[in-house]
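Report on the structure
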Amino acid sequence: MSTSLLAGIVSLAALQGLLIVLPRRNALGWLRPLRSPAWAAVPALALLVGTFAPLEIPGAASALILLAIVGAPILLAVAVLFVVRGPRVPVAIATAALAATALTTAGMAGQLSATALTALACLTVGVALARLTPRAWLLGGVLVMCVADVVLLGAGVGATASAALDAATHHFHGPVLDHAMIGSVAIGYPDLVLAGMLGGSLSPERSLQRRTGLLLVTLVGAYGMLLPVARILPATVPIALAFVLARVRRRSQTEVPSSARWRARVASSRNDAAKLLRASSRSAPSSRRSASATPARFSPT
């Protein structure tokens, strides 16, 4: 494995881990009134549209690239103001510096800046989907998207669509912000959105959010070691696995307090029973004494 390939794998793994820990608590919470199970189908549907539209509809690839370019400033502004943790002014200055670097600088600096901007835009979309999708439906939507990604890449359709999108980027000048790329390793827009969904769903639980971020970095890094063997991999797999493990961890955390409360109630019941026994044992001798002190009386017939 070359050094550039290894650096790309590690860097993109760290980037996806950051997308887990960056969302602030209750980010985009004002979207909750629009919650519906139908939003759970959006990630898989977006993946299907992004795969088949460039292959079947002339000009669709260029339209998708243009959509990413036009939508990026809005999504970045929302990310700075409402999504990313930390004081808004330093975050806004850092984002502006990234945008200036991506627009004016070529080479690795420009590539890294464009990748960071793409990730921030995807974070906004992911957190929005996390707020719009009920928790009970979120994991199912993620797993359906992961299965669709694996099937499409296994059938060779995903790689063909990616090539069509890459060809369309040559019609535009400057950063297109439709994917993240470091060195020779790239990850698509939907994969980054999925990581943002996971971060948004865990934002109320800061400790679990941090641990899941580290877990995803490990999973993506280990998964990326397969790239020398397989030229292209479905990047949704480690993110979906992190979703499942985070759900298991969250459920175990909720079950432990409930079992502790149950044990406390049992202990309280036992203490109450013991108090009743002690009270009855103290009152029993006095009742016997009072019974023996009272003479028996017989009524004449």
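So, a few notes on the structure that sits alongside this text. (Residues numbered from 1 in each chain as written. Predicted model: local features only at pLDDT ≥ 70, side-chain atom pairs only at ≥ 80, totals over all residues. Heavy atoms only, no water.)

So, the overall build of the chain
Applicable threshold: Labels follow the DSSP assignment, with helices taken as runs of H or I lasting at least four residues and strands as runs of E lasting at least two, numbered in each case from the N terminus. Buried means the residue's accessible area, taken with a 1.4 Å probe over protein chains only, is under 20% of the maximum for its type, while exposed means over 50%, and partly exposed covers the values in between. Whether two residues are in contact is decided by their heavy atoms: any pair within 4.5 Å suffices. Computed with a 1.4 Å probe, the accessible areas rest on the Shrake-Rupley method; for each residue, only the protein chains presented here act as cover.
From N to C terminus, the chain includes ten helices and two strands. The buried share among the 301 residues of the chain stands at 39%. Restricting to contacts in the chain with at least 6 residues of sequence separation, those with at least 24 account for 83%. Here the chain has roughly 16,200 Å² of accessible surface; of this, 69% comes from carbon and sulfur atoms.

A short note on the environment of V147
Considering the arrangement of structural elements, one finds V147 in helix α6 (residues 135-154). In the structure, V147 is positioned 90 residues away from V237 in sequence and 8.5 Å away in space, judged by C-alpha atoms.

Considerations on the side chain of T133
Basically, it comes down to this: Nitrogen and oxygen atoms within 3.5 Å of one another constitute a polar contact, given that in protein one can donate a hydrogen and the other can accept it, and given that sequence-neighbouring residues count only through two side-chain atoms.
Turning to its location among the elements, T133 is positioned in the loop between α5 (107-132) and α6. Polar contacts involving the side chain of T133 include one to the main-chain carbonyl oxygen of L129, which spans 2.8 Å. Ignoring sequence-local partners within four residues, the contact set of T133 consists of R35, S36, W39, A40 and L138.

Remarks on the packing of helix α1 (residues 3-21) against α5
What counts, and what does not: Between N-to-C directions, angles cover 0 to 180 degrees, with each direction set by a line fitted to C-alpha atoms, over the stretch in contact for helices. The sense of a crossing depends on the near helix, which, turned anticlockwise from the far helix by less than a right angle, makes the crossing left-handed and, turned clockwise, makes it right-handed. Polar here means any residue other than Ala, Val, Leu, Ile, Met, Phe, Trp, Tyr, Cys and Pro, which are nonpolar, and Asp, Glu, Lys and Arg, which are charged; Gly is therefore polar.
It is at 10 Å that the axes of α1 and α5 come closest, and there the two elements cross at 30 degrees. Here the hand of the crossing between α1 and α5 comes out right-handed. Contacts from L12, L15 and L19 in α1 reach T115, A119 and L123 in α5. Class assignment of the residues belonging to the contact of α1 with α5 gives a composition of five nonpolar, one polar and no charged.

Some thoughts on the nonpolar core
Test applied: Definition of nonpolar core: a set of buried residues of the types Ala, Val, Leu, Ile, Met, Phe, Trp, Tyr and Cys, connected through side-chain atoms within 4.5 Å.
By size, the foremost hydrophobic cluster in this structure holds 62 residues, and its most contacted members are L12, L123, L192, M197, L198, L216 and F243. Considering each element in turn, this core owes the most residues, eleven residues, to α5. Contact partners of L123, with chain neighbours within four places excluded, come to L19, L22, P23, V83, V84 and G196. Among the nonpolar cores identified, the runner-up in size contains five residues, and I65, L165, A168 and V176 belong to it.

Observations concerning the side chain of R131
Defined as follows: Counted charges follow a simple rule, with Lys and Arg positive, Asp and Glu negative, and His plus the chain ends left uncounted. Take a side-chain nitrogen of Lys or Arg and a carboxyl oxygen of Asp or Glu: if they are within 4 Å of each other, that pair is a salt bridge.
Tracing the backbone through its elements, the reader meets R131 in helix α5. Buried and without a salt bridge, R131 has E205 as its closest oppositely charged side chain, separated by 9.4 Å. Apart from the residues within four sequence positions on either side, R131 is in contact with R24, N26, A27, L28, G29, L31, R32, R35, G200, S201 and S203.

Describing helix α4 (residues 88-104)
So the rule is basically this: In this analysis, the expected span of each helix is defined as 1.5 Å times one less than the number of residues it contains. Each direction from the helix axis to a C-beta atom contributes to the arc, which is the arc of those directions.
Between its terminal C-alpha atoms α4 stretches 24 Å, which fits the 24 Å expected from 17 residues at 1.5 Å a residue. If you check which residues of α4 are buried, you get V91, T95 and A102. The buried residues of α4 all sit within an arc of 35 degrees when viewed along its axis, so they share a single face. Turned more than 90 degrees from where α4 packs its buried face, V89, I93 and T104 sit exposed. Where α4 is buried, its residues meet α3 (60-83) and α5.

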